[in-house]
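Spelled out from the first residue to the last, the chains are:
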Amino acid sequence: MLTTQFDIKQFNRLKKILLRLNKNEFSKSLQLDIGNYFKETNIVNILLIEYELLNQDYGITIADIKKLSTIQPHLYGDLLDEDIILQTSFRDHPAQVLKKENKLLLSVLNQCNLYFESFKQNSRQNLETEMINDLKRKINDLGEFYKHYNRKEKLIFPIMERYGNFNTPRIMWKENDHIRALYKALKWQINQLPNLDFEHAMTTFAKFKTKFEEMIFQEEALLFPVLQAVFDEKDWLVIAKESTAFGYAFIEPNNEWMITKENKHSTQNEKIKQNKLTSRSKNIRFGAGYLTIEEADMVLNNLPLEITFVDKNSVFKYFNEMTKASEMMLVRTPVSIGRNVANCHPPKSLSKVMTLVRDLKAKRRTSETMWFKMKGQYIHITYKSLFDEHDEFIGILEYVQDIQPFFNLPNEIKRELSPLGRKK
């Protein structure tokens with residue numbers, strides 16, 4: 001289990017070790033304590049405790065974690081049970097893809113840093129337009145990290161929660177949002193050059209670079225080893241299948257690994273599919289009539305709305321599939337089914353989400369609407385509370401639609417059929 005309920009003795013022992021390293025102690029006594037601790041404590045717990053300590057107010061830093069890994073060089077090797085480590089030598093395995101993305105992102109970050117170092121040697125008046133434009137392009141390229149972070153938050157974090165770890169995803173998601181905010185500020189400042197004081201952009205870049213590199217370290221040294229030790233093949237297969245909805249940073253895997261693993265389970269999956277088809281053909285009462293499950297599914301999937309249902313326990317239970325995930329207005333994937341709605345949103349919006357859930361459940365609101373423009377679409381969202389005939393709360397229905405086409409209607413009235421060959 002990826003539990004956050006650590007043994008308090010283990011937690012405090014590692015805290016004391018890291019605080020001693022923080023004070024630059026490298027005594028034989030400390031090395032002995034470290035050796036004993038690693039012999040007695042599960043490696044997955046060690047990594048998770050390190051992450052907890054790193055993000056608490058104990059004064060423990062990334063540098064202290066690195067010191068510990070230097071003293072205990074086999075931290076992610078011999079101490080891990082080889083039987084539970086996935087064979088991730090496949091080029092397209094999600095773990096390998098994540099690591100390759102980090103390598104490419106770090107390369108672009110370093111290229112940006114070279115531009116800043118070069119600019120520092122020149123006065124503001126001597127900044128060349130061509131170099132500024134090159135830097136702008138590199139900063140835009142760096143924005144590919146959004147895809148990496150989105151996959152981590154929407155595909156990896158839900159599975160971690162299923163294994164019992166809720167705290168690590170929330171902490172890391174909050175850090176991700178902080179990095180996004182720094183990037184947005186940096187991008188805006190870079191786009192103002194040469195009219196903006198270059199020192200402002202350089203200061204923001206330095207903050208962004210530090211946080212970005214720290215996140216890469218946290219992923220590579222703490223998160224990924226835990227995932228490789230705990231996630232099984234089915235977990236990684238889900239991640240591989242649903243990753244295309246969010247895209248990749250700079251690379252496009254050919255999913256050779258996923259295809260190989262899916263073929264392995266194809267016979268079993270075919271039997272399950274046949275059993276499901278039998279039950280989908282029976283009529284069930286819906287509203288004022290009857291539909292088979294297949295018909296109901298088709299109706300819901302062909303409505304011009306993206307529908308989500310969260311049950312009375314705030315569990316994300318259903319969404320329709322009117323289009324493939326990568327083309328949805330608000331991307332949803334099956335891995336999030338069963339997740340608490342609070343964990344489906346970034347930490348910065350959690351307060352607003354929970355206020356809305358409480359208000360709808362208590363009938364302080366019967367519905368709520370929001371709207372915004374995104375990528376040429378005018379997205380309109382409605383949240384509606386549902387109660388049964390006994391006035392018992394059932395859950396919350398969310399439906400999303402692109403209302404931009406309504407603003408573009410050419411006439412006040414249309415009652416005739418469209419000519420064939422034209423989309424209506």
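Quick caveat, the model's predicted, so the values are computed rather than measured. (Residues numbered from 1 in each chain as written. Predicted model: local features only at pLDDT ≥ 70, side-chain atom pairs only at ≥ 80, totals over all residues. Heavy atoms only, no water.)

Participant: Would you mind showing me how to read the layout of surface pockets here?
Facilitator: If you roll a probe as big as a water molecule over the atoms, it shows you where there is empty space left. Empty space within the largest pocket amounts to approximately 1600 Å³. Along the walls of the largest pocket sit 43 residues, with Lys-154, Leu-330, Cys-344, His-345 and Pro-346 positioned nearest its centre. At the level of secondary structure, the elements contributing two or more residues to the lining of the largest pocket comprise helix 7 (145–162), helix 8 (167–192), strand 3 (306–311), helix 14 (350–361), strand 5 (367–374), strand 6 (377–387) and strand 7 (393–402). Taken together, the residues of the lining of the largest pocket sort by class into 22 nonpolar, nine polar and 12 charged. (1 Å grid on protein atoms, 1.4 Å probe; cavity = no way out; pocket = protein on both sides within 12 Å on 5 of 7 lines; lining within 4 Å. Points joined across faces, edges and corners; volume = space filled by probe spheres on them. Helix = DSSP H or I, 4+ residues; strand = E, 2+ residues; numbered from the N terminus. Nonpolar A, V, L, I, M, F, W, Y, C, P; charged D, E, K, R; others polar.)

Participant: It is not clear to me how empty space enclosed by the protein should be interpreted in this structure. Could you clarify?
Facilitator: Per the counting criterion, the structure on display carries four cavities of 30 Å³ or more. Approximately 90 Å³ is the volume attributed to the largest cavity. Taken together, 13 residues form the lining of the largest cavity, with Pro-94, Arg-151, Ile-239, Ser-243 and Tyr-248 sitting closest to its centre. A volume near 50 Å³ is recorded for the second largest cavity. Forming the boundary of the second largest cavity are Leu-47, Leu-48, Tyr-51, Thr-168, Met-172, Gln-218, Leu-222, Leu-223 and Val-226. At four residues, helix 9 (residues 198–230) tops the list of elements feeding residues into the lining of the second largest cavity.

Participant: What should I look at first to understand the confidence of the model for the protein in this one?
Facilitator: Across the protein, the average pLDDT comes to 86, with 87% of residues at 70 or higher. The model gives residues 78–86 a pLDDT under 50, and that stretch makes 17 contacts with residues more than four places away or in other chains. (pLDDT = per-residue confidence, 0-100. Contact = heavy atoms within 4.5 Å.)

Participant: Sorry, what's going on with the nonpolar core here?
Facilitator: The nonpolar side chains of a soluble globular protein tend to be buried, and buried together. Core analysis: the biggest nonpolar cluster contains 83 residues, and Phe-116, Phe-208, Phe-212 and Phe-231 have the highest contact counts within it. Among the nonpolar cores identified, the runner-up in size contains 13 residues, and Val-341, Val-357, Ile-379 and Tyr-383 belong to it. (Core = buried A, V, L, I, M, F, W, Y, C linked by side-chain atoms within 4.5 Å. Buried < 20%, exposed > 50% of the residue type's maximum accessible area, 1.4 Å probe, protein only.)

Participant: Looking at this model, I keep getting lost on the sheet that holds strand 5. Mind explaining?
Facilitator: Either a parallel or an antiparallel arrangement is found when strands of a sheet pair, and the pairing is made through backbone hydrogen bonds. As summarised here, the arrangement of the five strands in space is 4-3-7-6-5, forming an open sheet in which the pairing is antiparallel. Looking at which strands have only one partner, the edges of the open sheet turn out to be strand 4 (316–319) and strand 5. Neighbour-to-neighbour, the strand axes of the sheet open up by a mean angle of 20°, direction not taken into account. Direction of pairing for strand 6 relative to strand 7: antiparallel, over a ladder of nine bridges. Looking at the pairing, His-380 lines up with Gln-401 of strand 7. Across the sheet, helix 14 touches strand 5, strand 6 and strand 7, and the angle it forms with strand 6 is around 40°. (Pairing = 2+ DSSP bridges. Axes fitted to C-alpha atoms, helices over the stretch in contact; angles between N-to-C directions.)

Participant: Would you take a moment to explain the packing of aromatic side chains for this structure?
Facilitator: Centre-to-centre distance and the angle between the planes together describe a pair of aromatic rings. Inspection of the entire model under this criterion finds 21 aromatic pairs. Ring plane angle 70° and centroid distance 4.9 Å describe the contact between Phe-145 and Tyr-149, whose orientation is recorded as edge-to-face. Of this pair, Phe-145 and Tyr-149 are both found in helix 7, four residues apart, which corresponds to roughly one turn of the helix. Here the aromatic residues Phe-145, Tyr-146, Tyr-149, Tyr-183, Phe-208 and Phe-212 are joined through ring pairs into a cluster of three or more. Across from the ring centre of Tyr-146, 5.7 Å away, lies the NZ or CZ of Arg-180, which sits over that ring. Its end group placed over the ring of Tyr-290, Arg-285 keeps NZ or CZ at 5.6 Å from the ring centre. (Phe/Tyr/Trp six-rings, centres within 6.5 Å; stacked < 30°, edge-to-face > 60°. Lys NZ or Arg CZ within 6 Å of the ring centre and 35° of its normal.)

Participant: Is there a simple way to explain the pattern of salt bridges in this structure?
Facilitator: Two side chains that carry opposite charge are able to pair once their charged atoms sit near each other. Going through the model one piece at a time under the given rule, you end up with 19 salt bridges. Here Lys-67 makes a salt bridge to Asp-64, at a shortest N to O gap of 3.8 Å. Residue Lys-67 and its partner Asp-64 are located together in helix 4 (residues 62–71), separated by three residues, close to a single helical turn. Take Asp-64: its relative accessible area is 1%, and that puts it in the buried class. Among the ionic pairs, Arg-332 bridges to Glu-306, the shortest N-O distance being 3.0 Å. Here the residue Arg-332 occupies a position in the loop between strand 4 and helix 14, and Glu-306 occupies one in strand 3, the gap between them amounting to 26 residues. One exposure class covers both Arg-332 and Glu-306, and it is buried. Residues participating in the shared-partner salt-bridge network are Asp-359, Arg-364, Arg-365 and Glu-368. (Salt bridge = Lys/Arg side-chain N within 4 Å of Asp/Glu carboxyl O.)

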